[in-house]
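# Commentary on secondary and tertiary structure
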Amino acid sequence: MERSFLLIFGLLLSWSLAGQVRTVSGLVKDDSDMPLIGVNILVKGTGTGTVSDLDGNFSIDVPGDRDVLVFSYTGYVAQEVNVSTSTRVEVVLAEDVYGLEEVVVVGYGTQKKVNLTGSVERVEGDQLARQPIMQTSQALTGLTPGLTAIQSSGQPGSDNATLRIRGGGSIGASNDPLVLIDGVEGDINGVDPNNIENISVLKDAAAAAIYGSRASNGVILVTTKRAKEGTFSVNYNAWLGTQQPTTLPEFVGVIEYLNLIGTDPGVVANYQANLNDPDLYPDTDWVNELFTENGFQQYHNISVNGGSEKVKALASVSLMDQTANIPNYGFKRYNVRLNTDIKANDRIDFSFDLNFRRSEQDNPNTGLSNVTRQAFRIAPDQVAIHSDGSWGDGWQGQNPVAAVYDGGQNLGQNNYFRGVLRANVRLLEGLTFTALYSPEFSDTYDKDFNKQYTTIVDWNTKNTRIVPAQNSLYQNNSRSLTNNVNALLRYSKTFGDHDLNLLGGYESIKYNYERFYANRRDFILDQIQVLNAGSQDGLGNGGTATQNGLVSYFGRANYAFKDKYLLEANIRRDASSRFAEDNRVAIFPSFSVGWRVSQEDFFNAEGFLSDLKLRASWGRLGNQQIGDFPYVSSISLGSSNYIFDDVIYTGAVQSVLANNDIRWETSETTNFGVDLGILEGKLNITADYFIKNTDDLLLVLPIPMVAGLSAAESNAASTRNKGIDLSISWRDRIGAFSYGARLNYSDVERIATDLANVGPLISGSQITELGGELFSIYGYETAGIFQTQSEIDAAATQAGNPTIGDLQYVDQNSDGIINGDDRVVIGNPFPRHSYGFELFGDIKGFDFSIFLNGVGKRDVFLQGDAAMPLFNAGKIQRWHVEESWSETNTGASFPRIFATSNNTSTSSTWIFDASYLRVRNITIGYTLPNSLLDRVGINNLRIYASGQNLFTFDDLPEGIDPLIPNGTSGAYFPVSSAMTFGLNVNF
């Protein structure tokens, strides 16, 4: 009876204590006695939490059975405080000045930043989320040294940036870095920036060798956000805005145009007198007629984050919706993510992640060659839209305005699903086994309807033209399935002054792809856009399929002695289906060492230099991104049919010579680095010098034409990339004002060191020659502009019968004739230098950030309608008038305004300096005080305004953005600037 009574009493007491709630208040400040704003305060083991206000004050209800508060704040060491006997506390958080607690994601694991020996850069998720962008790759522009992000299009859905880590280095294979999302390969643009916790960029071989044959071009590791124990919150993030091109070409009006092309003055006068009749005497601004929309864009994300010690889950749903300044261009992406963590017991835990996204890209059926290029070409004396709303004929039926409104649409849809199931089992103390299975499915559908429209050829007679001559429908469906399986065994042990971490693993990746397409033409009704509604005359269909696989074994060892002397070794063995059996397997090792000099007894950490680490590494990587089965003799079926007895039989033909000896492209990288902490960690500097030698690059070597086959790719070339990466950061606080700055800079040079005695490699206006930069621009060197007939008579013979005001070229070989043998390297489109600068701060609820980026020593070649006046019966840009040769402007840099084959050749005249400095982003925000929010049940509310690509400083002609694609003739979609307004709400 007594025992029962005690049990009942204990239960009642426990229930009573659990039901009691007491209020604990206090102040949070830093070690300089300044209040900290926005510190997260959590009752340990519960979902109860709050944040400190503008004065560092807080108040929180604590259940009677809980007595520990957890205080955490970015840049400071987290602290637990026992409040069992207190109702008011004062907490001082210590700044994590050396980043001792900062953890960096590396291959198949994490490491403390201070123990890194490879070259790794980390980008925080909030650096990405603050930019109003639709493609995550865009947000990486200028954020980290060694990573170049080049965006050359503003078209919705196609405005991603091309990523290069330390310049790439392949000639015939892919230069794209490997992107892994939570450990599984994926598309970085498919990840919602608000779902990203951080990104690690693995730049040298020591950091990337654990990925072997997939890591030759560097590795980008994306870690998505996960739920935190004991918290429950709902977050809503949204922004709305409009966009417009950063700049557009400005063209002369019709009267000036007619005068410049030498039209009879009487004709010009009559034209000017009748400008009030635009159907017969148009003055069409084609660019203005095309770019008519406001480019509205919006983003919405809602996420739920919560859990206990046993189960934690983060669910996120988002919508991205973007239109363009040209009608009928648009892009939408729906993204759903569920990240779940389950703790079965003290030894076993699981994570189960699901990601689904759907993207829809909509654009006019006709390509940019018939949209922007024609808008930049067609003269102002041609009609776009008549006064009655009918379509003008433009240039012989080519009317870009009619095409985008009435020429049919191209709809592209993609449905993507990925699941990740991961299990962790702690076998023994320090020994953990991890298994992962991840299926990835992608289904892509394209529907392209080429619709007919009618133009007025002659306004007086009302003669019409139907464009195009036939309507047509093309449909395409492709799907892929990738299965990824890996298993890891980790061992960690500390004994005395020695720390040892070992990793061993197995990975299998299998990829299957298939595609089907069909097309018909001559649809009686444009409104019925299904294949059966088209004619069977000329119908077509086809299908393809492929597959590949990779099986790997890998290992890593990390050793540290007294946290001073660091050693890491990696090795990976890859077997790829892309190579013949004798060349299928390769081994990729790496080694790196580090010396934390600041941990030595002789080092005075209290002085000016507070932290110092030296690093060195070497490693070998591979590149298998060369297509599937290049080593076999591929046979094409159905493309070479034959007739026998008046019956068509399916034929087969081999068109490409096989190369059974093809093997991996292999690169070896040596890296030397230093990490400095100055003024007690307020100023941090990281510098790296690297040399990357890549061998066995793929080239198409010439074979005798009598072979009757196209040449196969062979391992023949070598390149060398070398350069430096530098990052400098500063963080400090002055009173209530917290601020910081980051600067990064990269210099990379890419040189061809061996071309198997078949160089130079020339393709159009592009050349790679021994000892020169890869993919340089190739053309004639301009000697100047002919000023007199005697100069023309004395010069080498040039094509096009040049006259006064035309370009003169350098006769490089002095043979008296200007021809292909006189072409030389005249520029390089890859930026030699790239840099970024960010300044940020906050004070009493207000926050701001300013981000600039730029490149140096980058050239761009512009031709045709992008830069040359009157090209192909085109028109004249405003800068042509001001900078072209004339009798009154003989010192001009550009030839006379007259299109000749001599002046439009690829030459240094049309090479422009594309170096620039751009104000990439400015954001200003305000977080409302808790005293207002508590009344409506909101934990945090921030509103902000943001501008993207606001200002650009460059030496390009007016109307040309420095990110314009190299070699374009005008078929490009201008990069956009944007103004957005948004809010972040936390419940």
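What counts and how
- Residues numbered from 1 in each chain as written.
- Predicted model: local features only at pLDDT ≥ 70, side-chain atom pairs only at ≥ 80, totals over all residues.
- Heavy atoms only, no water.
- UniProt positions renumbered as here; feature names shortened; annotations may be inferred.
- Domains from an automatic or database assignment.
- Patch = residues over 30% accessible without salt bridge, like charges linked within 9 Å, V, L, I, M, F, W, Y side chains within 5 Å.
- Areas by Shrake-Rupley, 256 points an atom, 1.4 Å probe, with all protein chains shown as cover.
- Salt bridge = Lys/Arg side-chain N within 4 Å of Asp/Glu carboxyl O.
- Lys, Arg positive; Asp, Glu negative; His and termini not counted.
- Charge placed at Lys NZ, Arg CZ, Asp CG, Glu CD.
- Helix = DSSP H or I, 4+ residues; strand = E, 2+ residues; numbered from the N terminus.
- Phe/Tyr/Trp six-rings, centres within 6.5 Å; stacked < 30°, edge-to-face > 60°.
- Buried < 20%, exposed > 50% of the residue type's maximum accessible area, 1.4 Å probe, protein only.
- Lys NZ or Arg CZ within 6 Å of the ring centre and 35° of its normal.
- 1 Å grid on protein atoms, 1.4 Å probe; cavity = no way out; pocket = protein on both sides within 12 Å on 5 of 7 lines; lining within 4 Å.
- Points joined across faces, edges and corners; volume = space filled by probe spheres on them.
- Contact = heavy atoms within 4.5 Å.
- Core = buried A, V, L, I, M, F, W, Y, C linked by side-chain atoms within 4.5 Å.
- Pairing = 2+ DSSP bridges.
- Axes fitted to C-alpha atoms, helices over the stretch in contact; angles between N-to-C directions.
- pLDDT = per-residue confidence, 0-100.

Under an unreviewed UniProt entry, the name given to the protein chain is SusC/RagA family TonB-linked outer membrane protein, and the source organism is Flavilitoribacter nigricans. In its Sequence similarities (unreviewed entry) section, UniProt records this for the protein chain: "Belongs to the TonB-dependent receptor family." Taken from UniProt, the Subcellular location (unreviewed entry) comment for the protein chain reads in full: "Cell outer membrane".

## Quick notes on the domain arrangement of the protein chain
According to the domain assignment, the protein chain contains domain 1 (22-92) and domain 2 (103-224). One C-alpha centre belongs to domain 1, the other to domain 2, and the line joining them spans 36 Å.

## Brief notes about a negative patch on the surface
The grouping of E250, D283, D285, E289, E882, E883 and E958 at the surface amounts to a negative patch. Following the sequence through the fold, E882 ends up in helix α11 (residues 878-883).

## Observations concerning the packing of aromatic side chains
Inspection of the entire model under this criterion finds 24 aromatic pairs. Judged by centre distance (6.3 Å) and plane angle (15°), the rings of F591 and W618 are stacked. Of this pair, F591 sits in strand β31 (residues 585-596) while W618 sits in strand β32 (residues 609-623), and the two are 27 residues apart along the sequence. Between F894 and F912 the ring centres are 5.9 Å apart and the planes differ by 20°, which places this aromatic pair in the stacked class. Taken together, the residues F894 in the loop between α11 and β50 (911-913) and F912 in strand β50 connect sequence positions 18 residues apart. With respect to burial, F894 and F912 carry one shared label: buried. Against the face of W459 rests K462, its NZ or CZ located 4.0 Å from the ring centre. R918 extends its terminal NZ or CZ atom over the ring of Y916, reaching a point 5.6 Å from the ring centre.

## Focus: the UniProt feature "domain: TonB-dependent receptor plug" (unreviewed entry) in the protein chain
When the UniProt feature table is mapped onto this chain, "domain: TonB-dependent receptor plug" (unreviewed entry) is found at residues 113-219. Taken end to end, residues 113-219 has its terminal C-alpha atoms 17 Å apart, with 12% of it in helix and 25% in strand.

## Re empty space enclosed by the protein
Evaluation of the coordinates by the stated rule reveals 13 cavities of 30 Å³ or more. Taken as a whole, the largest cavity holds about 160 Å³ of empty space. Contributing to the lining of the largest cavity are 17 residues, with Q138, D159, Q243, Q322 and S976 lying nearest its centre. Looking at the lining of the largest cavity, the elements with two or more residues in it are β52 (940-954) and β53 (976-986).

## What to know about the pattern of salt bridges
Taken as a whole and assessed by the stated rule, the structure comprises 37 salt bridges. Between D353 and R226 there is a salt bridge, with the nearest N and O atoms lying 2.8 Å from each other. Here D353 is found in strand β21 (residues 348-364), whereas its partner R226 is found in the loop between β16 (219-224) and β17 (232-245), with 127 residues between them in sequence. The class of D353 is buried, set by a relative accessible area of 4%. Here D349 makes a salt bridge to R426, at a shortest N to O gap of 2.9 Å. Within this pair, whereas D349 is found in strand β21, its partner R426 is found in strand β23 (residues 409-428), the two being separated by 77 residues in sequence. On the basis of relative accessibility, which here comes to 28%, the residue R426 falls in the partly exposed class. What you see here is one network of salt bridges that share partners, running through E185, R214, E507, R572 and D574.

## A word on the side chain of T141
Assignment of secondary structure puts T141 in the loop between α3 (136-139) and β11 (147-150). The residues contacting T141, other than those within four sequence positions of it, are A149, F851, N853 and R920.

## Quick look at the nonpolar core
I326, L862, W910 and F912 are the most contacted members of the largest nonpolar core, which has 48 residues in total. Sorting the residues of this core by element identifies α7 (286-290), α9 (400-406), β45 (807-809), β49 (859-861) and β50 as the ones contributing at least two each. Ranked by residue count, the leading element in this core is α9, at 4 residues. In this structure, L116, A207, V219 and L621 belong to the second largest nonpolar core, which totals 22 residues.

## Some points on unusual backbone geometry
The step from V467 to P468 runs through a cis peptide bond, and the omega angle for that step is -10°. Mapped onto the secondary structure, P468 falls in the loop between β26 (463-467) and β27 (472-495). The residue D182 is not glycine, and still its phi comes out positive at about 50°. For D182, a relative accessible area of 12% puts it in the buried group. With phi around 60°, K462 is a residue other than glycine that occupies positive phi space. Tracing the chain through its elements places K462 in the loop between β25 (453-458) and β26. In this structure K462 comes out as partly exposed when scored by relative accessible area, which is 43%.

## Looking at the sheet that holds strand β41 (residues 761-763)
Taken in spatial order, the 4 strands of this open sheet run β41-β42-β43-β46, and their pairing is antiparallel. The open sheet has two edge strands, β41 and β46 (824-827), and neither has a second partner. Put simply, the sheet's adjacent strands are angled 45° from each other on average, direction ignored. Pairing of strand β42 (residues 766-768) with strand β43 (residues 776-779), which is carried by 2 bridges, proceeds in the antiparallel orientation. For Q766, the partnering residue across the bridge sits in β43 and is I777.

## Some thoughts on a nonpolar patch on the surface
On the surface, a cluster of nonpolar side chains totalling about 530 Å² of accessible area is made up of I302, V317, V336, F356, F417, F441 and L481. We classify V317 as partly exposed; its relative accessible area is 44%.

## So, the confidence of the model for the protein chain
Looking at the protein chain, the pLDDT average stands at 88 and 96% of residues meet or exceed 70. Overall, residues 1-19 carries pLDDT values under 50, and its contacts beyond four positions in sequence, including any with other chains, amount to 4 contacts.

## Digging into the pairing of β23
Judged from the 17 bridges that link them, β21 and β23 form a sheet pairing that is antiparallel. In the strand pairing of β23, S351 is matched with R422. Here 16 bridges tie β23 to strand β24 (residues 431-450), and the two strands are oriented antiparallel to one another. Among the inter-strand pairings, A423 is bridged to a residue of β24, identified as A435. Between the antiparallel neighbours β23 and β24 lie 2 residues, among them G430 with a positive phi of about 85°.

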